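Coordinates in review
The residues making up each chain are set out below.
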Number of protein chains: 2
Amino acid sequence: MEKQLPYKIYLSEEEMPRKWYNLRADMKQKPAALLNPATLQPLREEDLTPIFCEELVKQEFDDTTKFIDIPQEVLDFYKMYRPSPLVHATFLEKALDTPAKIFYKFEGNNTSGSHKLNSAIAQAYYAKKQGLKGVTTETGAGQWGTALSMACRYFGLDCKVFMVKCSYEQKPFRREVIRTFGASIIPSPSDTTEVGRRILAEHPGTTGSLGCAISEAVETAVSNEGYRYVLGSVLNQVLLHQSVIGLETKAALDKYGIRPDILIGCTGGGSNLGGFAAPFLGEMLRGEASYKIIGAEPASCPSFTRGVFAYDFCDTGNICPLAKMYTVGSQFIPSANHAGGLRFHGMSPVLSELYNQGLFEARAYEQTSVFEAAEMFAHAEGILPAPESSHAIRAAIDEALKCRENGEEKVIVFNLSGTGNFDLYAYKQFNDGTMTDYIPSDEEIAEALKALPKVE
Amino acid sequence: MEKQLPYKIYLSEEEMPRKWYNLRADMKQKPAALLNPATLQPLREEDLTPIFCEELVKQEFDDTTKFIDIPQEVLDFYKMYRPSPLVHATFLEKALDTPAKIFYKFEGNNTSGSHKLNSAIAQAYYAKKQGLKGVTTETGAGQWGTALSMACRYFGLDCKVFMVKCSYEQKPFRREVIRTFGASIIPSPSDTTEVGRRILAEHPGTTGSLGCAISEAVETAVSNEGYRYVLGSVLNQVLLHQSVIGLETKAALDKYGIRPDILIGCTGGGSNLGGFAAPFLGEMLRGEASYKIIGAEPASCPSFTRGVFAYDFCDTGNICPLAKMYTVGSQFIPSANHAGGLRFHGMSPVLSELYNQGLFEARAYEQTSVFEAAEMFAHAEGILPAPESSHAIRAAIDEALKCRENGEEKVIVFNLSGTGNFDLYAYKQFNDGTMTDYIPSDEEIAEALKALPKVE
């Protein structure tokens, strides 16, 4: 490691990646094909183009092109908030009194507050290029909806965001950011769609669910001329766009001759770890290097650590394609007391395949322990982390404490995917001491897995 | 201007300022002395040391030392979020179709969301160095309270923040950030102080005021062993610390050979413009250069543009020292419909003296026009600006549009002092179309000015 290592490493504009890295090109065993939910047969590109933008469908299916040019228009937008800094967490090292070297890539340094913008701007670009009028999507916590509203505003696209009603009511500020960027935001279930009206008739008092919001967004996209549906995680295309995080991280580490031992990201749908770890996983797949890579997930929704690797629906309503992935079952509903994000029952097919191959490990963390790590990090490094990202912080702190015990000077790099500035209800629970943990029982998971579709 | 100008200019750690610049040292006519509110005689250092930290009192009175070393402990903390980027606003230039070159210094890139942290960490450092247990302060919108809680946490100081009760209730999220950094936050008026109890007895339903919160914070500081009171604006010491903004800005401009024509900052108490413009005002005072410098203030609280230059109390309760400053009167209460911050009736004595000497001009803006500028900026540059900072954006946009009219390629640099992430009630009003303007009548200001103290 060189002497003149700064606290924050910024790449110059010339050093920034100009291509995304497609991890699938380096996989011998490719991720399994998506299945048509009606026929259970492998999806073809033409099955998806009525729903998704054409270029994005191509990217979804492309598992051979190793590098894909980032369009100039997207590079222009990236300049606004990229490169994100790679920070040498010297204050955290000191607080932990560890010989470990800790670095974090900080993706929260933009108004959307998270890494989601990396894919939102790409998806908006391809929608614009296809001559579409607009896109639809759903949002839970609101990070994706915010990112997409910013991206659509930039390209002059209409943007319709279906926000789960309870989040719409609990997060009025997220809503206002989205509105400020000119998107329409509709509490779901709504009376603007057939599926919404049906659910409202059946369950008049419902506060909605992500599954229902997805159904409304898809229906709106396919029933309006010039609209398509876009999604912020899980999909191969999203991991492709998010590879910019890992490419920048690797370039910054290489610039100072730093070789990471341990790489950590949190996992919900996989866009964060999948993007951050992509070039490092690629080196492992090509037999060029070996790293310890850790996916940090919530104990309340433990897809990797307690799920099965099987075909499952991507949504609760079972109208979306099936993916072969680690899943606790599409009917699994994370406990309502879980505040920390990462509530998706399944996982990116790419990461699922790699996890199955043993390329990385996963750990599940309870939320009070995650918020303890978040608070420790905030006090040391002066950044209020997102609950999601704090799962990665928890894992990083645990590894650094192991280094202290063993006197090992390991290099730990994690992705700080976002800030918690809009998640202060969760911090309030933690500050008030009213936050509790919930670990689903084996029976609960087994029950949810009974609904797994029978494939083959 | 060189060709290779990047979108964002970051100084390296070696290029960062290591001294604050004390603008007063270059002033021939110094700002007038503060007066004791009881005797109306000039304050001496020993009058202030029971209330303020010793070193800060020295800085308050020091109008001859041109450069003051930034303590290493403060430099260490600055590394966490400094240097802040100087951004070449190419997207805004394009949106305005202007030949002007627009740059902004972005001070919102830290968890407190504003430039206030620059002085908070310095004040906390001197309190720690003096061996104090803690500090007290008041906060309105919450930016200063957040910054101070972060700074105190870093040095292990206790921090008691009196937050105006209506803000405490309307901004629960600000409150949680402050709590997360370990400060106690007390809605004011409270029953923890004599003045608070008296006000509660007289006005049981009151939602508080900044003046009352100041009184509570001062009382708590002087009546608790090992505590002092700290303040986030107006004072000379605060402008000194905030000079780091201007020094970095100048270093970044110089690095690329850019000579600004117009410099803009918003003005409430003056910490923002006073820090940002300090080195440029210094050049003007020394006769080395000439710039057009603009202070942008709210039309609803127009200290510079409609106030008088006179001795006045710094607080509504008239218990704080008197300063010679531009003021609309300590009894002037900005309209409740004003959402955009900058509600202080007076102004930094340093800036007031310089304004009186004609070194810069001031303009007043109505808040709907300010939020229009904020929205335009957010759409173009992808950052949601603080309402306060958006006054500077409004002025910058107006200047850039003049350049379009006249075909002039002027260089406009403004300070984007903070983000609006915690000001979304105001954005909601704007998005809903329910935001209105209020311009005080001449009679209203004349009435408030009747309460000006008779000095000499």
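Nothing here was measured: the structure is a model prediction, and the numbers come from that model.

What follows covers the overall build of chain A. A tally of regular secondary structure across chain A gives 19 helices and 15 strands. Taken over C-alpha atoms, the radius of gyration comes to 21 Å for chain A, in line with the 23 Å a tight globule of 456 residues would show. Across its three principal directions, the C-alpha atoms of chain A cover 60 × 50 × 50 Å. The buried share among the 456 residues of chain A stands at 65%. Sequence separation of 24 or more characterises 76% of the internal contacts of chain A that already satisfy a separation of 6 or more. Accessible surface, chain A: about 15,700 Å² in total, of which carbon and sulfur atoms supply 49%. Of the side chains in chain A, 45 bear a positive and 57 a negative charge, and the two mean positions are spaced by 3 Å.

It is worth spelling out the side chain of R394 of chain A at this point. Its location among the elements puts R394 of chain A in helix α17 (residues 387-406). Sequence-distant contacts of R394 of chain A, defined by excluding residues within four places in its chain, comprise Y365, S369, V370, E372 and A373 of chain A.

Turning next to the sheet that holds strand β6 (residues 134-139) of chain A. Residue and element names in this part refer to chain A. Spatially, β8-β7-β6-β9 is the arrangement adopted by the 4 strands of the open sheet, whose pairing is parallel. Looking along the sheet, the strands with just one partner apiece sit at the ends: β8 (184-188) and β9 (227-229). Taken over all neighbouring pairs, the strand axes of this sheet differ in orientation by 25° on average, direction set aside. Sheet strands in contact with helix α6 (residues 143-155) are β6 and β7 (158-164), and its direction is about 165° off that of β6. This element, helix α10 (residues 210-222), spans β6, β7, β8 and β9 of the sheet and lies at about 170° to β6.

What follows concerns the packing of helix α2 (residues 54-61) of chain B against helix α5 (residues 117-129) of chain B. All names here are of chain B. At a closest axis distance of 8 Å, the pairing of α2 and α5 adopts a crossing angle of 130°. Relative to α5, the element α2 is oriented oblique. Contacts from E55, L56 and Q59 in α2 reach Q123, Y126 and K129 in α5.

Now for the pattern of salt bridges. Residues and elements named next belong to chain A. A complete count under the given rule lists 53 salt bridges over all chains for this structure. The partner of E248 in a salt bridge is R82, with the nearest N and O atoms 2.8 Å apart. Of this pair, E248 sits in helix α11 (residues 236-255) while R82 is found in the loop between α3 (72-81) and β4 (86-88), placing the two residues 166 residues apart along the sequence. Pair check on accessibility: E248 and R82 agree, each one buried.

Here we take up unusual backbone geometry. Backbone geometry follows two general trends: most residues other than glycine have a negative phi, and most peptide bonds adopt the trans configuration. Residues and elements named next belong to chain B. For the bond running from R82 to P83, omega is -5°, close enough to zero to count as cis. If you trace the backbone, P83 turns up in the loop between α3 (72-81) and β4 (86-88). Of the consecutive residues S188 and P189, the connecting peptide bond is found in the cis state with omega at 5°. Within the element layout of this structure, P189 appears in the loop between β8 (184-188) and α9 (194-202). One non-glycine residue, D97, lies in the positive phi region at around 50°. Position of D97 among the secondary structure elements: in the loop between α4 (90-96) and β5 (101-106).

Glancing now at the interface of chain A and chain B. Each partner contributes residues to the interface: chain A has 42 residues there, and chain B has 42 residues. Counting the surface lost from both chain A and chain B, the interface buries some 3,900 Å², and carbon and sulfur atoms represent 59% of this. Of the residues in the side of chain A that touches chain B, the class split is 19 nonpolar, 9 polar and 14 charged.

All names here are of chain A. Interhelical geometry of helix α2 (residues 54-61) versus α11 gives an angle of 90° and a closest axis separation of 7 Å. Relative to α11, the element α2 is oriented roughly perpendicular. In contact with L56, Q59 and E60 of α2, α11 contributes N236, Q237, L240 and H241.

The subject of this paragraph is the side chain of T193 of chain B. All names here are of chain B. Here T193 lies in the loop between β8 and α9. According to the relative accessible area criterion, T193 is buried, its value standing at 1%. There is a polar contact of 2.5 Å between the side chain of T193 and the side chain of E216.

Okay, the environment of L86 of chain A next. All names here are of chain A. Within the fold, L86 resides in strand β4. Remark: the alpha-carbon pair of L86 and F414, spanning 328 residues in sequence, is separated by 9.6 Å. With residues up to four places along the chain from it excluded, the contact list for L86 reads Y7, K8, I9, F103, Y104, K105, T249, A252, L253 and V413.

Another aspect to go through is the relation of the copies chain A and chain B. Take chain A, turn it by 180°, move it 0.0 Å along the axis, and it overlays chain B with an RMSD of 0.0 Å. Overall, the copies show the geometry of a two-fold rotation axis.

What follows is about the packing of aromatic side chains. One pass over the full model with this rule turns up 48 aromatic pairs over all chains. An angle of 75° between the planes, with centres 5.1 Å apart, marks the rings of Y104 of chain A and F377 of chain A as edge-to-face. Here the residue Y104 of chain A occupies a position in strand β5 (residues 101-106), and F377 of chain A occupies one in helix α16 (residues 367-381), the gap between them amounting to 273 residues. By relative accessible area, which is 1% here, Y104 of chain A ends up buried. In this structure F377 of chain A comes out as buried when scored by relative accessible area, which is 0%. When the centroid spacing of 5.8 Å and the interplanar angle of 55° are considered together, the rings of Y125 of chain B and F155 of chain B count as tilted. Taken as a pair, Y125 of chain B in helix α5 and F155 of chain B in helix α6 (residues 143-155) lie far apart in primary sequence, 30 residues in all. The pair Y125 of chain B / F155 of chain B is uniform in exposure class, with both members buried.

A few words on the sheet that holds strand β10 (residues 262-266) of chain A. Residue and element names in this part refer to chain A. Reading across from one edge, β1-β4-β5-β15-β10-β11-β14 is the order of the 7 strands in this open sheet, with mixed pairing throughout. Since the sheet does not close on itself, it has two edges, and those belong to β1 (8-9) and β14 (361-365), each with one partner. Pairing between β10 and strand β15 (residues 411-416): 3 bridges, direction parallel. Bridging from a neighbouring strand, I262 pairs with I412 of β15.

Our focus in this paragraph is helix α13 (residues 278-285) of chain A. Residues and elements named next belong to chain A. Counted residue by residue, α13 has 8 buried out of 8 residues, so it is predominantly covered. When α13 is considered as a whole, its buried residues turn out to be A278, P279, F280, L281, G282, E283, M284 and L285. The secondary structure elements touched by the buried residues of α13 are β2 (19-21), α11, β10, α12 (271-276), β11 (292-298) and α15 (349-356). A positive phi of about 70° marks G287, the residue just after α13.

Okay, the pairing of β6 of chain A next. Residue and element names in this part refer to chain A. Counting buried residues along β6, 6 of its 6 residues qualify, which places the element largely inside the surrounding structure. Here β6 shows two buried faces, one formed by G134, T136 and E138 and the other by V135, T137 and T139. Both β6 and β7 contribute to a ladder of 6 bridges, which runs parallel. Bridge pairing in β7 places T137 opposite V161. You can see the chain leave β6, run along α6 and come back into β7, and the turn it takes is right-handed.

With that settled, the discussion passes to the pairing of strand β13 (residues 322-327) of chain B. All names here are of chain B. Counted residue by residue, β13 has 5 buried out of 6 residues, so it is predominantly covered. Relative to β13, strand β12 (residues 308-313) is paired through 6 bridges, and the arrangement is antiparallel. Counted as the bridge partner of F309 is Y326 from β13.

Attention now goes to the environment of T49 of chain B. Residues and elements named next belong to chain B. Along the chain, T49 falls in the loop between α1 (45-48) and α2. Exposure remark for T49: the relative accessible area of 24% places this residue in the partly exposed category. Between the alpha carbons of T49 and H391 there is a distance of 35 Å; along the sequence they are 342 residues apart. Every residue in contact with T49, bar those within four places of it in the chain, is listed here: E54, V57 and R228.

Analysis parameters
- Residues numbered from 1 in each chain as written.
- Chains lettered and ligands numbered in written order.
- Predicted model: local features only at pLDDT ≥ 70, side-chain atom pairs only at ≥ 80, totals over all residues.
- Heavy atoms only, no water.
- Helix = DSSP H or I, 4+ residues; strand = E, 2+ residues; numbered from the N terminus.
- Rg over C-alpha atoms; globule rule 2.2 N^0.38 Å.
- Buried < 20%, exposed > 50% of the residue type's maximum accessible area, 1.4 Å probe, protein only.
- Contact = heavy atoms within 4.5 Å.
- Areas by Shrake-Rupley, 256 points an atom, 1.4 Å probe, with all protein chains shown as cover.
- Lys, Arg positive; Asp, Glu negative; His and termini not counted.
- Charge placed at Lys NZ, Arg CZ, Asp CG, Glu CD.
- Pairing = 2+ DSSP bridges.
- Axes fitted to C-alpha atoms, helices over the stretch in contact; angles between N-to-C directions.
- Parallel < 35°, antiparallel > 145°, perpendicular 65-115°, else oblique.
- Salt bridge = Lys/Arg side-chain N within 4 Å of Asp/Glu carboxyl O.
- Buried area = accessible area lost by both parts, 1.4 Å probe.
- Nonpolar A, V, L, I, M, F, W, Y, C, P; charged D, E, K, R; others polar.
- Polar contact = N/O pair within 3.5 Å; in protein donor to acceptor, adjacent residues only side chain to side chain.
- Least-squares fit on C-alpha atoms with pLDDT ≥ 70 in both.
- Phe/Tyr/Trp six-rings, centres within 6.5 Å; stacked < 30°, edge-to-face > 60°.
- Right-handed = clockwise from strand over helix to strand, strands pointing away.

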